[in-house]
Amino acid sequence: MAAGHPDIERVLVTQEQLAERITAMGAAISADYRGRDLLIIGVLKGAAWFVADLTRALDIDFTVDFMAVSSYGNAHKSSGVVRILKDLDTPIEGRHVLIAEDILDTGLTLKYLARNFRTRGAASVEIAACVVKEDAQEEPMSIPYVGFVIPNEFVVGYGLDYSEHYRGLPYIGLLKPAIYEGN
């Protein structure tokens, strides 16, 4: 799917901007976690693109695991109910956990995961979000590693989807409302 995809109203974050910012995030995370037992947990499916690029930008030792959760289904707004679809394979007790998430909108999923990981005995839990939607969080969250702040609109690409479509776009773009209206 190329830049001129007919369902995209406009590109918000280009492929080049993603690469540049994720490289900078990788440098900051490397500096902050040097010498610590870092476990990066990617939230499937969308964060797989971000995790792949972010981990390539690190110059420290780390391990990676993935977790699948759902709060959307096929809708374009979060249901507010978080379900674990695939749990971790790696024990997290005593480890420094960095949750890598594609998008932070309401924050309900990330708050749930952070609380869950703390109860499992993580030494620390922080978040790296590729994109954060402006004014969408139900309660403000402190996110130490943010790629981009974007308008509170429905976006796709770079792992973000609508009903499992558009993940492969190499940029983050605003999906035309006509595509998801009525759902």
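Above this text is the structure in question.
Residues numbered from 1 in each chain as written. Predicted model: local features only at pLDDT ≥ 70, side-chain atom pairs only at ≥ 80, totals over all residues. Heavy atoms only, no water.

Chemist: Now, about the pairing of strand 5 (residues 96–104): what can you tell me, with residues and values included?
Modeler: Where burial is concerned, most of strand 5 is hidden: nine out of the nine residues are buried. Two strands pair when backbone bridges link them, and strand 2 (residues 38–44) and strand 5 are joined in this way by five bridges, in the parallel orientation. Looking at the pairing, G42 lines up with A100 of strand 5. Summarising the sheet, strand 5 and strand 6 (residues 124–133) pair through eight bridges and their orientation is parallel. What sits directly across from L104, in strand 6, is V132. Chirality of the crossover, the property in question, places the unit of strand 5, helix 3 (residues 108–119) and strand 6 among those that are right-handed. (Buried < 20%, exposed > 50% of the residue type's maximum accessible area, 1.4 Å probe, protein only. Helix = DSSP H or I, 4+ residues; strand = E, 2+ residues; numbered from the N terminus. Pairing = 2+ DSSP bridges. Right-handed = clockwise from strand over helix to strand, strands pointing away.)

Chemist: Describe the packing of helix 1 (residues 15–33) against helix 2 (residues 47–56), listing the residues and the values that go with them.
Modeler: Between two packed helices, the angle of one axis relative to the other and the distance separating the axes together describe the packing. Interhelical geometry of helix 1 versus helix 2 gives an angle of 60 degrees and a closest axis separation of 8 Å. In terms of their interaxial angle, helix 1 and helix 2 are classed as oblique. Crossing of helix 1 over helix 2 shows right-handed handedness. Note on element contacts: helix 2 touches helix 1 through F50, D53 and L54, opposite I22, M25, G26 and I29. Across the contact of helix 1 with helix 2, the residue classes break down as five nonpolar, one polar and one charged. (Axes fitted to C-alpha atoms, helices over the stretch in contact; angles between N-to-C directions. Parallel < 35°, antiparallel > 145°, perpendicular 65-115°, else oblique. Left-handed = near helix turned anticlockwise from the far one by under 90°. Contact = heavy atoms within 4.5 Å. Nonpolar A, V, L, I, M, F, W, Y, C, P; charged D, E, K, R; others polar.)

Chemist: Describe the nonpolar core, and please don't skip the residues or the numbers.
Modeler: Among the nonpolar cores identified, the biggest contains 27 residues, and L18, I29, F50, L98, A128, V131 and I172 are the most heavily contacted of them. Among the secondary structure elements, those contributing two or more residues to this core are helix 1, strand 2, helix 2, strand 5, strand 6 and strand 7 (145–150). Ranked by residue count, the leading element in this core is helix 1, at five residues. The contact partners of F50, leaving out residues within four places of it in the chain, are I22, M25, A100, E101, A128, A129, C130 and Y158. Core analysis: the second largest hydrophobic core is formed by 22 residues, L39, M67, I99 and A122 among them. (Core = buried A, V, L, I, M, F, W, Y, C linked by side-chain atoms within 4.5 Å.)

Chemist: Can you tell me about helix 2, naming the residues and giving the values?
Modeler: All buried positions along helix 2 are accounted for by A47, F50, V51, L54 and T55. Along the axis of helix 2, the buried residues cluster in a sector spanning 120 degrees; they form a single face. Elements in contact with the buried residues of helix 2: helix 1, strand 2, strand 3 (63–70), strand 5 and strand 6. (Arc of directions from axis to C-beta.)

Chemist: Explain the environment of I29 to me, and be specific about the residues and the numbers.
Modeler: Within the element layout of this structure, I29 appears in helix 1. Overall, I29 belongs to the buried group, its relative accessible area being 0%. C-alpha separation for the pair I29 and L98, spaced 69 residues apart in sequence, amounts to 9.2 Å. Excluding anything up to four places from it in sequence, I29 contacts L38, L54, L58, I60, L98, A128 and Y145.

Chemist: Break down the environment of L39 for me, with residues and values.
Modeler: Its location among the elements puts L39 in strand 2. Along the chain, L39 and V82 lie 43 residues apart, while their C-alpha atoms are 22 Å from each other. Those residues in contact with L39, other than ones at most four positions away along the chain, are T63, V64, D65, T90, P91, I92, R95, H96, V97 and L98.

Chemist: Requested: an account of the sheet that holds strand 1 (residues 8–13), with residues and values cited.
Modeler: Sheets are built from strands that pair by backbone hydrogen bonding, the pairs being arranged parallel or antiparallel. Strands sit in the order 1-9-8 across an open sheet of three strands; the sheet is antiparallel. In this open sheet, the two edge strands, each paired with only one partner strand, are strand 1 and strand 8 (155–156). In this sheet, strand 9 (residues 172–175) lies alongside strand 8 in antiparallel orientation, the contact comprising two bridges. Residue pairing across strands places V155 opposite L174, the latter belonging to strand 9.

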